[in-house]
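Next come the chains, spelled out residue by residue.
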Amino acid sequence: MGIHKPTTPSVSYPNFPNDVFDTENSYVANTVYPSFQGIDKNGALGNISANYLYAVPYIVRAPMSVDFLCLFNSSTGQSGNKFRLGLYASSTTAIGSLIVETGETTLDGSAALRTVAITQQNLSAGLYYLAVNCNAVVQSVHVASQGGVSSGNFGEIAWANGLSQMAYPTLYKAHTYGSLPDPYGSVTGAANGWVLGMKTV
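Scope of this entry: the structure provided in the associated data block. Throughout this document, residue positions are counted from 1 along each chain, in the order its sequence is written. Residue-level local features of this predicted model are given only where pLDDT is at least 70; pairs of side-chain atoms are given and counted only at 80 or more, and the full residue set underlies all totals for whole chains, interfaces and linings. Heavy atoms throughout the structure, all of them, feed into the side-chain values; hydrogens and water do not.

### Brief notes about the side chain of Arg114
Threshold: For helices the rule is a DSSP run of H or I covering at least 4 residues; for strands it is a run of E covering at least 2, with both sets numbered from the N terminus onward. Summary of the burial criterion: residues with accessible area below 20% of their type's maximum are buried, those above 50% are exposed, and those between are partly exposed, where the area comes from a 1.4 Å probe applied to protein chains only. In this description, contact between two residues means that some pair of their heavy atoms is separated by no more than 4.5 Å.
With respect to the helices and strands, the residue Arg114 is situated in strand S8 (residues 112-123). Judged by its relative accessible area of 10%, Arg114 falls in the buried class. Contacts of Arg114, omitting those with residues within four sequence positions, involve Leu69, Cys70, Leu71, Asn73, Phe83, Leu107 and Asp108.

### Remarks on the sheet that holds strand S4 (residues 64-73)
Spelled out, the test is: A strand pair is defined by DSSP finding two or more bridges across the two strands. In this description, a line fitted to the C-alpha atoms serves as the axis of each element, helices being fitted only across the stretch in contact, and the angle between N-to-C directions of two axes falls anywhere from 0 to 180 degrees.
Taken in spatial order, the four strands of this open sheet run S1-S14-S4-S8, and their pairing is antiparallel. On the outer flanks of this sheet lie strand S1 (32-34) and S8, each paired with one strand and no other. Sheet twist, expressed as the mean angle between neighbouring strand axes with direction ignored, is 30°. Of the pairings in the sheet, the one linking S4 to S8 comprises nine bridges and is antiparallel in character.

### Remarks on the side chain of Ser140
Within the fold, Ser140 resides in strand S10 (residues 138-143). Given a relative accessible area of 0%, Ser140 falls into the buried group. Not counting the four nearest positions on each side in its chain, Ser140 is found in contact with Ala44, Leu45, Gly46, Ile48, Leu71, Phe72, Ser74, Trp194 and Val195.

### Quick notes on the environment of Ala55
Among the secondary structure elements, Ala55 is positioned in strand S3 (residues 52-60). Separated by 77 residues in sequence, Ala55 and Val132 have C-alpha atoms that sit 6.8 Å apart.

Written out as structure tokens, the structure reads:
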């Protein structure tokens with residue numbers, strides 16, 4: 001059939017025919033994008049333990065603007081339990097500085113996706129961490145490691161940042177419930193991956 005000149009698309013792409021990845025429209029507005037999607041056979045329900053700060057890697061594949069952080073509470077029996085969410089930057093071998101955190105959210109006894117408002121954040125492509133801290137157990141959805149390979153929100157998140165604990169999809173440290181630390185500090189362990197998320201503007 002031979003090689004043909006690229007056909008000009010019906011929509012405008014900067015730099016066409018070079019670099020036609022649509023970086024300006026990769027995320028749909030007003031949509032929740034979870035930390036893990038297409039969860040495989042290792043997906044399950046579990047309890048987020050109190051007084052730990054869990055950090056889930058999140059790969060932003062193109063510039064995106066977000067105004068809510070999200071957690072799915074899957075239990076109806078935890079009315080009054082509280083949690084906080086946060087978003088951290090990353091560095092080569094560590095979880096970095098705190099970008100933004102939510103206020104306190106109190107569960108009302110219903111199983112629901114919890115979307116908690118934040119100041120709008122305009123994020124560049126790269127690696128970030130979504131964090132959760134609870135004053136009592138909060139049941140949510142997680143993906144188990146079982147061998148160290150877990151599907152992330154964009155490809156494989158395992159080993160994305162050079163941390164040895166990335167055989168597991170969530171990192172954690174002890175942290176008494178309250179305002180989130182800045183920076184995150186030292187990671188002390190790793191566990192199954194909690195499904196947190198961000199909602200686009």
